[in-house]
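Given next are the chains, with one letter for each unit.
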Amino acid sequence: MTSNPHLESGGLSAAEAARLLAVEGPNAVPAPAPTTLAARVLRQLRDPMILLLGVAFVVVIVLGDVPDAAIIAVVVLVNTAIGVVQERRAEHAMAALDRMAAPRARVLRDGLVSDIEAAALVHGDVVRLEAGDVVPADLVAEEAVGLEVDESSMTGESVPVGRTVGDELLSGTVVTKGRGWGVVVRTGPDSGLGRIAALIATTHVGPTPLQARLRRLSRQLVAVTGAIAVLVLALSVLRGVSFGEALILSVSLAVAAIPESLPAVVSVALALGAHRMAKQSAIVRWLPAVETLGSVTVLASDKTGTLTEGRMSVQRIWTPDTVEEAELLRDVVLCNDARLTGDAAERTSIGEPMEAALLLAAADRGVEPAELRRRWTRIDEVPFESEHRHMVTVDRNQDGTSLEVVKGAPEVLMSMLPDDAERLGAAAVAEELAGAGFRVLAVAHRTWRPPQERPGDLELAGLVGVADPPRADAAAVVADCREAGIRTVLITGDHSATAGAIAREVGILPGPEGEVTDGVVMDGAAVDRGEHVGVVDRVQVYARTRPEQKVDIVDALKSRGHIVAMTGDGVNDGPALRRADIGVAMGMRGTEVARQAADVVLADDNLRTLVTAVGEGRRVYANIRTFLRYGLSGGLAEVLVILLGPFLGLPFPLSAGQILWINMLTHGVPGVAFGGEPLDRRDMRRPSPSPERSVLGGGLARQILTSGLLIAAVSLVAGLLAQREGWHVQSAVFLTLGAAQLGLALSLRASGGRRTLRGRGLEVAVAIALFLQLAALWFSPLRALLGTSVLEPQAQLILLALACVPGLAIAGGRLIGRLGRRLRPA
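Calculation criteria
- Residues numbered from 1 in each chain as written.
- Predicted model: local features only at pLDDT ≥ 70, side-chain atom pairs only at ≥ 80, totals over all residues.
- Heavy atoms only, no water.
- Core = buried A, V, L, I, M, F, W, Y, C linked by side-chain atoms within 4.5 Å.
- Buried < 20%, exposed > 50% of the residue type's maximum accessible area, 1.4 Å probe, protein only.
- Helix = DSSP H or I, 4+ residues; strand = E, 2+ residues; numbered from the N terminus.
- Contact = heavy atoms within 4.5 Å.
- Pairing = 2+ DSSP bridges.
- Patch = residues over 30% accessible without salt bridge, like charges linked within 9 Å, V, L, I, M, F, W, Y side chains within 5 Å.
- Areas by Shrake-Rupley, 256 points an atom, 1.4 Å probe, with all protein chains shown as cover.
- Salt bridge = Lys/Arg side-chain N within 4 Å of Asp/Glu carboxyl O.
- Lys, Arg positive; Asp, Glu negative; His and termini not counted.
- Charge placed at Lys NZ, Arg CZ, Asp CG, Glu CD.
- Polar contact = N/O pair within 3.5 Å; in protein donor to acceptor, adjacent residues only side chain to side chain.
- pLDDT = per-residue confidence, 0-100.
- Axes fitted to C-alpha atoms, helices over the stretch in contact; angles between N-to-C directions.
- Phe/Tyr/Trp six-rings, centres within 6.5 Å; stacked < 30°, edge-to-face > 60°.
- Parallel < 35°, antiparallel > 145°, perpendicular 65-115°, else oblique.
- Nonpolar A, V, L, I, M, F, W, Y, C, P; charged D, E, K, R; others polar.
- Left-handed = near helix turned anticlockwise from the far one by under 90°.

Chemist: So what's going on with the nonpolar core? Which residues, and what values?
Modeler: Judged by nonpolar contacts, the single largest core of 58 residues is most densely connected at Tyr 630, Leu 654, Trp 661, Phe 674, Trp 727, Phe 734 and Leu 799. The biggest single contributor to this core is helix α27 (residues 729-747), with 10 residues. In this view, Phe 674 contacts Asn 623, Thr 626, Phe 627, Tyr 630, Ala 745, Leu 748 and Leu 762; residues no more than four positions away in its chain are not counted. By size, the runner-up hydrophobic cluster in this structure holds 51 residues, among which are Leu 270, Leu 299, Ile 582 and Leu 628.

So, in structure tokens, the structure goes:
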């Protein structure tokens, strides 16, 4: 091979790289211009619910109702401020997650290869490229071995193109085959990707599907509320009520039905969910993934490093009678791209775990890889590719002898060997090792010496059985998935016998060994023939699959209505990760392509982390639905009180200002606190609802109606009681209606068991809101603003006791329901 001055020099020094980084700036595309405060405020004010409040503000100003106008203005300002603050919090949370999932690169500095953030690359850095890498900056190839690059993202060329020494590689393109080294020539805004990004001045992150459905719900609420308000106005005038009074009643009705803090609650719930997932090593790269995770019904998992420890070790070595074990060990060292560092007492490996295990096995048996590579020089190679499932190297030693080694899947190599008894015997041994749970590699070789030509036939060198034991908690993770209504499917490139053995050990295949042939295990060839489509709900293990076949498997699962989470780590896993409802990449061993294609990156490569993330997704969705039940119940109660009050002799039970005060207290801090409620463990013991289900589905509309009727009933009873006892009617209804909604909030708390002080945010929020509700009766400035009056302590206690009834009734109903489910026979 030709000499390479950049590689031989050991790359830049750390000091020089730091100096260049300070001069050139980070290797990053231009960031979009930040959103101004004015733009954020205007975005909040364009919300249909806020616009309706604006109309109400104009109406009460025209009518001369200054106190109500002041309260409406305060509510609009408070909700706008909350919306802006929560929007900033969400942006900061997602920016932090983006930094955690930032692209990385392997760079040669000070003679050592290290893994750094791609943003730290500078002009002159020497970068290592392998299949699956995203080119991190504009490079000139200094070494290229079978290097092919997908440039479709930059040039539109759909077919990967070959690259040789001296060719330029543009940042943002993807290495699909081979390996090589490149020298950085342009970074950041000057790179190909940077120049394109500069043409796109701004980016916009659209709403999540749940946010979009809630926005539609908001618009529908505004439309229905507006229609009812106009109808009430017309009917009131026809009944002989003055136009001014009828207009105030209509405005009060419109204000009552609006859950003003709904957008802020949803935003903070999603952002908090993403933040909590990151703490558990699940990095969310796309906010809708937070809500979609909770709906997963099928988990399609790979094996190595996910269900297994990814800590491979050679446990079995088999050679035919004509080959010495040392020859086999020599072959697996030479046909290998991994490296060992350190001394014999403490070795560490760099490279693919399987190849590193082969080097360690050779070293432990007296074949020193470093010494062997000093005596043999690689002169040609065909890198391993998932399509052909084997690797070829050609090395030459000092006396001119050439050695070709082929290493790969047993069935692939057997097809390259002569059809004789030795081949048949080796195939039987490979099947036996695979059935015992080993990952099996076959090795073949041939040698020649010039002027001799390369022999026609390969000679079998032997078989290697590599063990990769299941993770200690793998069986528990599969069991937890099953309990949560999630079916785990194993997809692997290993032999069907190996895959079946691991699947049985972790509980994916619950039955005895005989069931492996009973249609629950399918190989990649059957997928190519389309045989999986009709039985996709039955197949538990897909063996000998290529990464691109995962797309077919995902499509088949989705066609049956499943919500699919797919794990992947290779360059060819990208299409399947994007096709799945949730693409999950491995953060430690995954390629850059897989990480950038995924919705979620597991920083610890542990499937347990994904199960935890699913729980967080269900927690977010449950908390948002709980707030909807809480907020819409209160709004329904307020509408019913205003509509039914006149028929019961209570002409104006509440003013618009009083309703807004109640909404501001009940929906503000308590509403946001719902986003931090803990996961109800029962949500992980039942299948999740489809994300296509109506946001008010699953009985939520009925629950809202029940709660709203209860709160309205006790509020109207409070008004009638006040009328009989000579108390101030509006103040009595005001106190009871607000306190009853806060009591409902407490009754809807998640069943999280024992809670720490930090887990009692809802209780603290309710206590603060209740104090401010009572303050509206106690302090004269608030009484003047809201039009309330002082109530006797005895009256306050009676009304507060009355306000407890809806919450106690709802809590009692939930308790009876839980007891009934426990007593119900399985």
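Let's pick the thread back up.
Chemist: Please give an account of the pairing of strand β21 (residues 564-568) that cites residues and values.
Modeler: Of all five residues in β21, five are buried; the element is thus mostly enclosed. What you see with β21 is no split at all: Val 564, Met 566 and Gly 568 on one side and Ala 565 and Thr 567 on the other are buried throughout. As judged from the three bridges shared by strand β9 (residues 298-301) and β21, these two strands associate in the parallel manner. Considered in β21, the bridge of Val 298 is made with Val 564.

Chemist: Which residues make up a negative patch on the surface, and what are the values?
Modeler: Residues Asp 321, Asp 419, Asp 420, Glu 422 and Glu 459 make up a contiguous surface patch of negative charge. Here Glu 422 is to be found in helix α16 (residues 421-435).

Chemist: Could you give an account of the side chain of Asp 494, naming the residues involved and the relevant values?
Modeler: Positionally, Asp 494 belongs in the loop between β18 (487-491) and α18 (496-506). Engagement of the side chain of Asp 494 in a polar contact is seen with the side chain of Lys 303, the distance being 2.9 Å. A distance of 3.0 Å separates polar atoms of two side chains, one belonging to Asp 494 and the other to Arg 439. Contact partners of Asp 494, with chain neighbours within four places excluded, come to Lys 303, Arg 439, Ala 543 and Arg 544.

Chemist: Just give me the short version of unusual backbone geometry, but keep the residues and values in it.
Modeler: The residue Asp 110 is not glycine, and still its phi comes out positive at about 55°. Among the structural elements, Asp 110 can be located in the loop between β1 (104-109) and β2 (112-117). The phi torsion at Arg 544 lies on the positive side, around 50°, for a residue other than glycine. As for its placement among the helices and strands, Arg 544 is situated in the loop between β20 (541-543) and α20 (549-559).

Chemist: Describe in detail the confidence of the model for the protein, supporting the description with residues and values.
Modeler: Overall, the predicted model of the protein reaches an average pLDDT of 81, with 85% of residues at or above 70. Contacts of residues 198-205 to residues separated by more than four positions or lying in other chains number five contacts, the stretch itself having pLDDT below 50. Long-range and interchain partners of residues 513-519, a stretch whose pLDDT sits below 50, account for eight contacts in this model, where long-range means more than four residues apart.

Chemist: Talk me through a nonpolar patch on the surface; I want residue IDs and the actual numbers.
Modeler: Taken together, Val 764, Ile 768, Phe 771, Leu 772, Trp 778 and Phe 779 make up a surface patch of nonpolar side chains, about 560 Å² in accessible area. Topologically, Ile 768 is positioned in helix α28 (residues 761-778).

Chemist: How would you explain α20 if you had to name every residue and give the values?
Modeler: Gln 549, Lys 550, Val 551, Ile 553, Val 554, Ala 556 and Leu 557 are the residues of α20 that are buried. Tucked inside the fold, the buried residues of α20 contact β9, β18, α19 (524-528), β20, β21 and α21 (574-579). Gly 561 lies just past α20 and shows a positive phi near 90°.

Chemist: Explain the sheet that holds strand β23 (residues 600-602) to me, using residue names and the numbers behind them.
Modeler: Taking strand neighbours across the sheet as the criterion, the eight strands line up as β8-β23-β22-β21-β9-β18-β20-β19 in an open arrangement whose pairing is mixed. Of all strands in the sheet, those with a lone pairing partner are β8 (282-284) and β19 (521-523), marking the two edges. For this sheet, the mean inter-axis angle between neighbouring strands, taken without regard to orientation, is 20°. In the packing of helix α23 (residues 607-644) onto the sheet, the strands contacted are β8, β9, β21, β22 (582-586) and β23, and the crossing angle to β9 comes to about 160°.

Chemist: Mind laying out the packing of aromatic side chains, listing which residues take part and the relevant values?
Modeler: In total, this model carries four aromatic pairs according to the counting rule given. Taking 6.2 Å as the distance between ring centres and 75° as the angle between the ring planes, the aromatic pair formed by Phe 771 and Trp 778 counts as edge-to-face. You can call Phe 771 partly exposed: its relative accessible area is 45%. Exposure remark for Trp 778: the relative accessible area of 40% places this residue in the partly exposed category. Every member of this aromatic cluster is reached through a ring pair, and the members are Phe 627, Tyr 630 and Phe 674.

Chemist: Any details on the packing of α27 against α28? Residues and values, ideally.
Modeler: Packing of α27 against α28 leaves a shortest axis separation of 10 Å and a crossing angle of 180°. What the angle tells us is that α27 and α28 run roughly antiparallel. Along the contact surface, α27 presents Ser 731, Phe 734, Leu 735, Gly 738, Ala 739, Leu 742, Ala 745 and Leu 746, while α28 presents Leu 762, Glu 763, Val 766, Ala 769, Leu 770, Gln 773, Leu 774, Ala 776 and Leu 777. Partitioning the contact of α27 with α28 into residue classes produces 13 nonpolar, three polar and one charged.

Chemist: Explain the packing of helix α24 (residues 656-667) against α28 residue by residue, including any values.
Modeler: Closest axis-to-axis distance for the α24/α28 pair is 9 Å, and the angle between their directions is 160°. The angle between α24 and α28 falls in the class roughly antiparallel. Crossing angle aside, the handedness with which α24 passes α28 is right-handed. Along its contact with α24, which presents Trp 661, Ile 662 and Leu 665, the element α28 presents Ala 769, Leu 772, Gln 773 and Ala 776.

Chemist: Can you lay out the side chain of Asn 27 for me, pointing to particular residues and giving the numbers?
Modeler: Structurally, Asn 27 can be placed in the loop between α2 (14-24) and α3 (37-45). The class for Asn 27 is buried, based on a relative accessible area of 10%. There is a polar contact of 2.8 Å between the side chain of Asn 27 and the backbone oxygen of Pro 136.

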